[in-house]
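Residues per chain are reported as follows:
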Amino acid sequence: VGGELQDKERLYQLVADLSREETRESALLELSKQREAFPDLAPILWHSFGTTATLLQEIFSIYTLLSPPQLTASASNRVCNALALLQCVASHPETRTLFLKAHIPLFLYPFLNTISKTRPFEYL
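Residues numbered from 1 in each chain as written. Predicted model: local features only at pLDDT ≥ 70, side-chain atom pairs only at ≥ 80, totals over all residues. Heavy atoms only, no water.

Here's the deal with the overall build of the protein
Of the regular secondary structure elements, the protein holds nine helices and zero strands. Its helices and strands in sequence order give the protein the pattern α-α-α-α-α-α-α-α-α, from N to C terminus. A compact globule built from 124 residues should have a C-alpha radius of gyration of about 14 Å, and the protein, at 15 Å, falls within 12% of that. Structurally, the protein occupies a C-alpha span of about 50 × 30 × 20 Å along its principal axes. Out of the 124 residues belonging to the protein, those deemed buried represent 39%. A sequence separation of at least 24 residues applies to 72% of the contacts in the protein between residues at least 6 apart. Per element, the accessible surface of the protein, about 7500 Å² overall, is 57% carbon and sulfur. Placing the 11 positive and 13 negative side-chain charges of the protein at their respective mean positions leaves the two points 7 Å apart. (Helix = DSSP H or I, 4+ residues; strand = E, 2+ residues; numbered from the N terminus. Rg over C-alpha atoms; globule rule 2.2 N^0.38 Å. Buried < 20%, exposed > 50% of the residue type's maximum accessible area, 1.4 Å probe, protein only. Contact = heavy atoms within 4.5 Å. Areas by Shrake-Rupley, 256 points an atom, 1.4 Å probe, with all protein chains shown as cover. Lys, Arg positive; Asp, Glu negative; His and termini not counted. Charge placed at Lys NZ, Arg CZ, Asp CG, Glu CD.)

Written as structure tokens, this is what we have:
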């Protein structure tokens, strides 16, 4: 029970870290890597104030790097982590419908139109 409580506290801290620019990148990486370990991650992400907006902000931030292709490996990794967390929300039974009703997939269309074959674009 103690370890489970520590895991929950760690999860909540990582989600809170998404809201701060100086801790966001490491929180994105850690949550993305650990998403399978937290079965209730999707509802926590969805219902945490500002978190979905923060994930979308990460996606918006690279729109201008898509065309002409200027995406760096670092920016690619960061946005891929945000996309992985959004996928977690999209695939969870409790948040799937909310995700779709919010029209979040519309913000992902620019990724479908990328034509660059360089390594940073491969992961998108």
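Here the narrative resumes.
Side note on the side chain of Thr-52
Relative to the elements of secondary structure, Thr-52 occurs in helix α4 (residues 51-60). Assessed through its relative accessible area of 15%, Thr-52 is described here as buried. In contact with Thr-52, not counting residues within four places along its chain, are Leu-45, Trp-46 and Ile-104.

Focus: the side chain of Arg-24
With respect to the secondary-structure elements, Arg-24 resides in helix α2 (residues 21-34). By relative accessible area, Arg-24 is classed as buried at 5%.

Overview of the pattern of salt bridges
Counted by the stated rule, this structure contains seven salt bridges. The closest approach of N and O atoms between Arg-24 and Glu-21, which form a salt bridge, is 2.9 Å. With Arg-24 and Glu-21 both in helix α2 and three residues apart, this pair spans about one turn of that helix. On the basis of relative accessible area, Glu-21 is assigned to the partly exposed category, the value being 47%. Ionic pairing is found between Arg-78 and Glu-58, a salt bridge with its closest N-O pair at 2.6 Å. Pair noted here: Arg-78 is in helix α6 (residues 73-91) and Glu-58 is in helix α4, with a separation of 20 residues, a long-range link. Here the salt bridges share partners, and the residues they tie into one network are Glu-21, Arg-24, Glu-25, Glu-58 and Arg-78. (Salt bridge = Lys/Arg side-chain N within 4 Å of Asp/Glu carboxyl O.)

Quick notes on the nonpolar core
Of all hydrophobic cores here, the largest spans 31 residues; its most connected members are Leu-31 and Leu-41. Going through the elements one at a time, α1 (2-17), α2, α3 (41-47), α4 and α6 are the ones with two or more residues in this core. Here the element with the most residues in this core is α6; it accounts for eight residues. (Core = buried A, V, L, I, M, F, W, Y, C linked by side-chain atoms within 4.5 Å.)

Examining the packing of aromatic side chains
Following the criterion strictly, the structure yields two aromatic pairs and no others. Judged by centre distance (5.2 Å) and plane angle (65°), the rings of Phe-60 and Phe-107 are edge-to-face. You can see Phe-60 sitting in helix α4 and its partner Phe-107 sitting in the loop between α7 (96-101) and α8 (109-112), a full 47 residues away along the chain. Note on Phe-107: relative accessible area 29%, which makes it partly exposed. One aromatic cluster in this structure is built from Phe-60, Tyr-63 and Phe-107. (Phe/Tyr/Trp six-rings, centres within 6.5 Å; stacked < 30°, edge-to-face > 60°.)

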